[in-house]
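Now for the letters of each chain:
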Amino acid sequence: MHARAVAASTTALLGTAALLFPVSPARAAGAGASPVVIAHRGASAYAPENTLAAVDKAAELGIRWVENDVQRTRDGELVVLHDDNLRRTTDVEEVFPGRAPWKVKDFTAAEIARLDAGSWFGPAYAGARVPTLEQFVHRVEHHHQKLLLEIKNPELYPGIERQTLKVLSNEGWLDRSHLAGRLIVQSFSADSVRTVHELKPGVKTGFLGTPPVSDLLDYAGFADQINPSHGSLSPAYVASVQAFDGPHGRPMEVFTWTVDDAATAQRVAGYGVDGIITNKPDVVRKAVRG
Ligand code: G3P
Ligand code: CA
């Protein structure tokens, strides 16, 4: 049986959800349409990653989608940071010299709020802070942007999926308009993605990785997207993913990462990907839209 027919049989009862989710802009526009461009950790080639300044920079460039990484502090606050420790992107070693290895999970939100998360990138950004998830979504909302939220290292933070959804709900990000096209939650952990889907089936989800084609039917039960590194992509793989319907009865999509040069952007666009995640969204946009 055709992959789509098999997967669709498992989602036949989700007709309302299917109506809620439009097909990706690239797919809706037909073959040859350009993929969505997503600012990776904000426009992180031009402003310190995962800060509000990086969100602002993406907005300034006219980029609608922003990606981020969510983790949890010792006292249970969700913050936006990529690494599991604070060394690379803050001045934590100077402010708290005796606290090696400076893990996010070992610091309170108040302690993290004291750190400078901008000077490492450049003096113009001195004083930028590690944002809470709440602050981050406020800023994305302020710019009328869309959010590709990554739950990072979920194995370190039991229950982070439920907590993330609670923050999103409190901030108004689980209403119909956000669910319909402004929010995707992704993770490298299939268990985490499945948990998000089970807790809030209306949320669009993505799995980060390149599962074998033989496993895609399973993923289609809980992930709307398969989001691989661009180095692991082929046209056949993209077509295989898109042949399945995801949990909302729409073809699964492919957002690939992290593409920062025009030639690679044009190559993966030629494969038919639905989205390109990039630190240089202006470069990629120009490459794929001419
Ligand atoms: O969104 C894709 C990408 O962010 C995954 O890798 O390590 O940059 O979080 P990483
Ligand atoms: Ca990420």
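Look up a bit, the structure's there.
The sections below set out a description of the structure shown in this document.

What counts as what
Residues numbered from 1 in each chain as written. Chains lettered and ligands numbered in written order. Predicted model: local features only at pLDDT ≥ 70, side-chain atom pairs only at ≥ 80, totals over all residues. Heavy atoms only, no water. Helix = DSSP H or I, 4+ residues; strand = E, 2+ residues; numbered from the N terminus. Contact = heavy atoms within 4.5 Å. Areas by Shrake-Rupley, 256 points an atom, 1.4 Å probe, with all protein chains shown as cover. Near = heavy atom within 4 Å. Polar contact = N/O pair within 3.5 Å; in protein donor to acceptor, adjacent residues only side chain to side chain. Nonpolar A, V, L, I, M, F, W, Y, C, P; charged D, E, K, R; others polar. Donors = N, O, S within 2.8 Å, 3.2 Å for Na, K, Ca; no water. Buried < 20%, exposed > 50% of the residue type's maximum accessible area, 1.4 Å probe, protein only. Lys, Arg positive; Asp, Glu negative; His and termini not counted. Salt bridge = Lys/Arg side-chain N within 4 Å of Asp/Glu carboxyl O. Axes fitted to C-alpha atoms, helices over the stretch in contact; angles between N-to-C directions. Parallel < 35°, antiparallel > 145°, perpendicular 65-115°, else oblique. Left-handed = near helix turned anticlockwise from the far one by under 90°.

**So, the overall build of the chain**
Then comes step 1: When helices and strands are tallied, the chain shows 14 helices and 9 strands.
Then comes step 2: Of the contacts made within the chain by residues no fewer than 6 positions apart, 63% connect residues no fewer than 24 positions apart.
Then comes step 3: When the accessible surface of the chain is split by element, carbon and sulfur atoms take 53% of a total near 11,900 Å².

**Comments concerning the site of ligand 1**
Then comes step 1: All residues in the neighbourhood of ligand 1 are listed as His40, Arg41, Glu67, Asp69, His82, Glu150, Lys152, Gln186, Phe188, Leu208, Trp257 and Ile277.
Then comes step 2: Between His40 and ligand 1, the recorded distance is 2.8 Å, taken from a side-chain N or O atom to an oxygen atom.
Then comes step 3: Residue Asp69 places a side-chain N or O atom 3.3 Å away from an oxygen atom belonging to ligand 1.
Then comes step 4: Relative to its unbound accessible area of 290 Å², ligand 1 is 91% covered by the protein chains.
Then comes step 5: In terms of residue class, the shell around ligand 1 is made up of 4 nonpolar, 3 polar and 5 charged.

**Details of the coordination of the calcium ion (ligand 2)**
Then comes step 1: Around the calcium ion (ligand 2), the donor atoms from the protein are Glu67 (OE), Asp69 (OD) and Glu150 (OE), and they sit 2.1 to 2.3 Å away.
Then comes step 2: The motif formed by the donor residues of the calcium ion (ligand 2), counted along the single chain, is E-x1-D-x80-E. Here Glu150 lies in strand 4 (residues 146-151) and Glu67 lies in strand 2 (residues 65-72), a separation of 83 residues in the sequence.
Then comes step 3: Judged by its relative accessible area of 2%, Glu67 is buried.

**Considering the side chain of Arg72**
Then comes step 1: Within the secondary structure, Arg72 sits in strand 2.
Then comes step 2: Salt bridges are absent for the buried Arg72, whose nearest opposite-charge side chain, Glu161, sits at 7.4 Å.
Then comes step 3: Among the polar contacts listed, one links the side chain of Arg72 to the backbone oxygen of Pro158, at a separation of 2.8 Å.
Then comes step 4: A polar side-chain atom of Arg72 sits 2.9 Å from a polar atom in the side chain of Gln163.

**Details of the environment of His143**
Then comes step 1: With respect to the helices and strands, the residue His143 is situated in the loop between helix 7 (133-142) and strand 4.
Then comes step 2: Judged by relative accessible area, which is 25%, His143 ranks as partly exposed.
Then comes step 3: Taking the C-alpha atoms as reference points, His143 and Gly62, separated by 81 residues in sequence, lie 9.6 Å from one another.
Then comes step 4: In this structure, His143 is in contact with Val55, Asp56 and Ala59, ignoring residues within four places of it in sequence.

**A short note on the packing of helix 13 (residues 262-271) against helix 14 (residues 281-289)**
Then comes step 1: Direction vectors running N to C along helix 13 and helix 14 enclose 50 degrees, while the axes themselves pass 8 Å from each other. Here helix 13 lies oblique to helix 14, going by the angle between them. Taken as a pair, helix 13 and helix 14 cross one another with a handedness that is right-handed. Seen from helix 13, the contacting residues are Ala262, Ala265, Gln266 and Ala269; seen from helix 14, they are Val283, Val284, Ala287 and Val288.
Then comes step 2: Taken together, the residues of the contact of helix 13 with helix 14 break down into 7 nonpolar, 1 polar and no charged.

Bear in mind that shape data such as this cannot, by itself, settle questions of function.
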